[in-house]
Amino acid sequence: MDQTITELNQKIDALTEQVAFLTEEARQQKRRRQEWEELQNDLTPVAGEMYRLTVEQLNEIESYVQLEDGLRLLKRLMRNTRNLEQMLDQMESVAAMWQDLSPLSQDAFYTLMQRLDEMEQKGYFAFLRGGMAIADNVVTSFTEEDVRQLGENIVLILQTVKEMTQPEIMTMMRNTAHVIREEEPPVDVSMFTILRQLNDPSVKRGLAKTLSVLRTVSEN
C-alpha cells in the first residue's frame, strides 16, 4: 500500500513538472507573439512610408530606367561579386597604407615646402624665369631652317666649344682681355721700339701662333 502511494506521488510530481514546463513554454510563446506583434505594428508605418517613397522615386526615374535594366544590373552585380570583393579588399589595403604613410607624406610635404622656400630665397626661381626669357629670345630668333642646320652641325659645334674651353685657350683669352682692359698702349711708338720688341721670345711665339691662325683661316 505504501509503495503504491509512493508511486502515485511520483507520477503526480512528474505530471506537475510537465504542466509547469508546458505552462512556461506557453507563456514564452505568448510573450514572443506579443513582441512580434508589437514589432510588426511599429514597422508597418515605416514599411508603408518606405514603399511610398520607393514608388515616388521609381516614378521619377521611370522614363530613364526600366525594370529590366535594374534586373540586368542586379544579375551583373551578382556575377561579379568576387570582383567587387577583390576591389573592396584593394580599397581597404590602400586606405590602410594611406593611414600608415600619411605622417610620412606630411613630413615630406613640409620638407618640400621648406626646400622650395630656400630655393626661392637663393634666387633659383628668378634664375629660371630669366632663363625662360633667354629661351624665348633664342626660339624667336631662329627659323626652322636655322634649327635644321644647327641639328646637322651640332657635333661640330660641340667639338669646337670643347676645344675653345680648354684650359690653355681660356687662360690665353683671359690674359688677353686683361691686357686690353688694363694696359694702356703708348701714344707714340717708334719703328725701332717695335723692332726691339720683336726680339722678345714671347712676342716671337705670339707672332708665330698668329701667323699659324691666319694660315689656317686662309686654307679654309
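Worth saying up front: this structure is predicted, and the values here are computed from it rather than measured.

S.K.: How should I be thinking about the overall build of the protein chain in this particular structure?
M.R.: Within the protein chain, the secondary structure is distributed over nine helices and zero strands. For the protein chain, the α and β elements follow one another from N to C terminus as α-α-α-α-α-α-α-α-α. Since a compact globule built from 220 residues should have a radius of gyration of about 17 Å, the 51 Å found for the protein chain marks it as more spread out than a globular shape. Considered along the principal axes of its C-alpha atoms, the protein chain spans approximately 170 × 60 × 35 Å. Sorting the 220 residues of the protein chain into buried and exposed places 0% on the buried side. Surface summary for the protein chain: the accessible area is close to 20800 Å², and the carbon and sulfur share equals 61%.

S.K.: What's the story with the environment of Ile157 in this structure? I'm lost.
M.R.: Tracing the sequence through the fold places Ile157 in helix α6 (residues 154-164). Taking C-alpha positions, Ile157 is 27 Å from His178, a pair spaced 21 residues apart along the chain.

S.K.: Even after reading the chapter, I still don't get a nonpolar patch on the surface, so can you show me in this structure?
M.R.: On the surface, Leu73, Leu77, Leu84, Met87, Leu88 and Met91 cluster together into a nonpolar patch covering about 550 Å² of accessible area. Among the elements of the structure, α2 (67-79) and α3 (81-122) are those that each provide at least two residues to the nonpolar patch. Among the elements that line the nonpolar patch, the one with the most residues is α3, at four residues. Along the polypeptide, Leu84 turns up in helix α3.

S.K.: I keep staring at the pattern of salt bridges and nothing clicks. Help me out?
M.R.: This structure, assessed with the given rule, holds seven salt bridges. We note a salt bridge from Arg32 to Glu25, for which the minimum N-O separation is 3.9 Å. The exposure class of Arg32 is partly exposed, given its relative accessible area of 41%. Between Glu152 and Arg148 there is a salt bridge; the shortest N-O distance is 2.4 Å. Here Arg148 and Glu152 lie together in helix α5 (residues 144-152), a separation of four residues that amounts to about one turn. The network of salt bridges with common partners includes Glu145, Arg148 and Glu152.

The rules behind these values
Residues numbered from 1 in each chain as written. Predicted model: local features only at pLDDT ≥ 70, side-chain atom pairs only at ≥ 80, totals over all residues. Heavy atoms only, no water. Helix = DSSP H or I, 4+ residues; strand = E, 2+ residues; numbered from the N terminus. Rg over C-alpha atoms; globule rule 2.2 N^0.38 Å. Buried < 20%, exposed > 50% of the residue type's maximum accessible area, 1.4 Å probe, protein only. Areas by Shrake-Rupley, 256 points an atom, 1.4 Å probe, with all protein chains shown as cover. Patch = residues over 30% accessible without salt bridge, like charges linked within 9 Å, V, L, I, M, F, W, Y side chains within 5 Å. Salt bridge = Lys/Arg side-chain N within 4 Å of Asp/Glu carboxyl O.

It is worth stressing that arrangement in space is one thing and function is another; only the former is reported here.
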